[in-house]
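Architecture at a glance
Chain by chain, the residues run as shown.
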Amino acid sequence: MISSVNPRSGVAALSLLGAVNQTASSNNQPSVAQKLLQDVTGNTDDTFKAGKAIGKIIELVAGMKTSDAPASSDSHQLFTMEGAQRTDYADGSYSETKAGQGMSVSDQQFQQTVLDTMQQQAQGTGPDATKAEAYLAAYANGTIQETDLSTSQNVSSTMTLTNTYYSDGTGKGTGFSIKNQGLENYMQAHTYMGDDGILHDNATGKYASITQNGTKISYIVF
């Protein structure tokens, strides 16, 4: 379903937790689909270079319990570590791992990070700056079109989060991955690379991009 996005609705404009662990290529040369994703994200492993924001999001998710997650108005809930599988090691350290679906942060948190980044990009020059300006204008006008791929279009996503601890329970580290399936095929079928080197929507010719907040994936046109 395609719906018009209101500026106050909490739309996520670009991926913050990226399209990690995409289907591997059989050689060292990037596939056409990987090139498309790179145009959307800037990097096939880190869809959105948000620096410290990514670390903060992982920190938030790592400490979440179900009681911390507010109810969502749609089918997407915040990813929590409730029910994580524990593994104990000989030195007394241990890890907790959970794989599943859910948003990394609330739509509102994600939206603000995205807007800050797009505003920064719009201050530059070149095709990326022009695209950022177009996004900001569409956001202000409420004309961004969003298609939720998480519940349709043969696209799925799974996030795996692992927290490791020392024997005394002190946090040791956190690792995560997000594996998307079907996204490359969707992008190939619905987008093309413009003369500006930026991804565009087949049907309208407008700018196109992928939004991903945890495993919540959307296709946006603006």
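Residues numbered from 1 in each chain as written. Predicted model: local features only at pLDDT ≥ 70, side-chain atom pairs only at ≥ 80, totals over all residues. Heavy atoms only, no water.

Observations concerning the environment of Ala138
One can find Ala138 in helix α4 (residues 127–141). Measuring from C-alpha to C-alpha, the distance between Ala138 and Val221 comes to 9.3 Å, with 83 residues separating the pair along the chain. (Helix = DSSP H or I, 4+ residues; strand = E, 2+ residues; numbered from the N terminus.)

Considerations on the confidence of the model for the chain
Residues at a pLDDT of 70 or more form 66% of the chain, whose mean pLDDT is 73. pLDDT under 50 marks residues 1–75. Its contacts with residues more than four places away, or in other chains, come to 165 contacts. (pLDDT = per-residue confidence, 0-100. Contact = heavy atoms within 4.5 Å.)

Re the pairing of strand β2 (residues 85–88)
Taken together, the four bridges between β2 and strand β3 (residues 94–100) define a ladder with antiparallel strand orientation. What sits directly across from Thr87, in β3, is Ser95. With antiparallel pairing between neighbouring strands as the criterion, β2 and β3 make up a hairpin whose turn holds five residues, including Gly92 at a positive phi of roughly 95°. (Pairing = 2+ DSSP bridges.)

Some remarks on the pairing of strand β10 (residues 216–221)
By the criterion of burial, β10 is predominantly enclosed, with six of the six residues buried. Residues Lys216, Ser218 and Ile220 of β10 are buried on one face, and the alternating residues Ile217, Tyr219 and Val221, pointing to the opposite face, are buried as well. With four bridges connecting them, strand β4 (residues 144–148) and β10 associate as antiparallel partners. Each bridged residue has a counterpart across the sheet, and for Thr147 the counterpart in β10 is Tyr219. Of the strand pairs in this sheet, strand β9 (residues 208–213) and β10 are connected by six bridges, and their pairing is antiparallel. When the sheet's bridge partners are listed, Asn213 is paired in β10 with Lys216. (Buried < 20%, exposed > 50% of the residue type's maximum accessible area, 1.4 Å probe, protein only.)

Thoughts on the packing of aromatic side chains
Aromatic rings considered in pairs are described by the distance between their centres and by the relative angle of their planes. This model, assessed by the stated rule, comprises five aromatic pairs. Between the aromatic rings of Tyr135 and Phe222, the centroid separation amounts to 5.3 Å while the plane-to-plane angle is 90°, which identifies the pairing as edge-to-face. Placement of the pair is Tyr135 in helix α4 and Phe222 in the segment after β10, with a sequence separation of 87 residues. Connected via pairs of aromatic rings, a cluster forms that spans Tyr135, Tyr139, Tyr207 and Phe222. Taking the ring centre of Tyr94 as reference, the NZ or CZ of Arg86 above it sits at 3.7 Å. The ring of Phe79 has Lys98 lying over it, and the distance from NZ or CZ to the ring centre is 5.5 Å. (Phe/Tyr/Trp six-rings, centres within 6.5 Å; stacked < 30°, edge-to-face > 60°. Lys NZ or Arg CZ within 6 Å of the ring centre and 35° of its normal.)

Describing the nonpolar core
In terms of nonpolar packing, the biggest core is built from 15 residues, with Met118, Tyr135, Tyr139, Ile144, Ile220 and Phe222 touching the most fellow members. Of all the secondary-structure elements, those providing two or more residues to this core are α3 (107–122) and α4. In terms of residue count, the dominant contributor to this core is α3 (five residues). Membership of the second largest hydrophobic core comes to 11 residues, among which are Val155, Leu183, Tyr186 and Tyr219. (Core = buried A, V, L, I, M, F, W, Y, C linked by side-chain atoms within 4.5 Å.)

Let's talk about the side chain of Thr80
Mapped onto the elements, Thr80 comes out in the loop between α2 (52–62) and β2. Within the structure, Thr80 has its side chain in polar contact with the backbone nitrogen of Glu82 (distance 3.3 Å). (Polar contact = N/O pair within 3.5 Å; in protein donor to acceptor, adjacent residues only side chain to side chain.)

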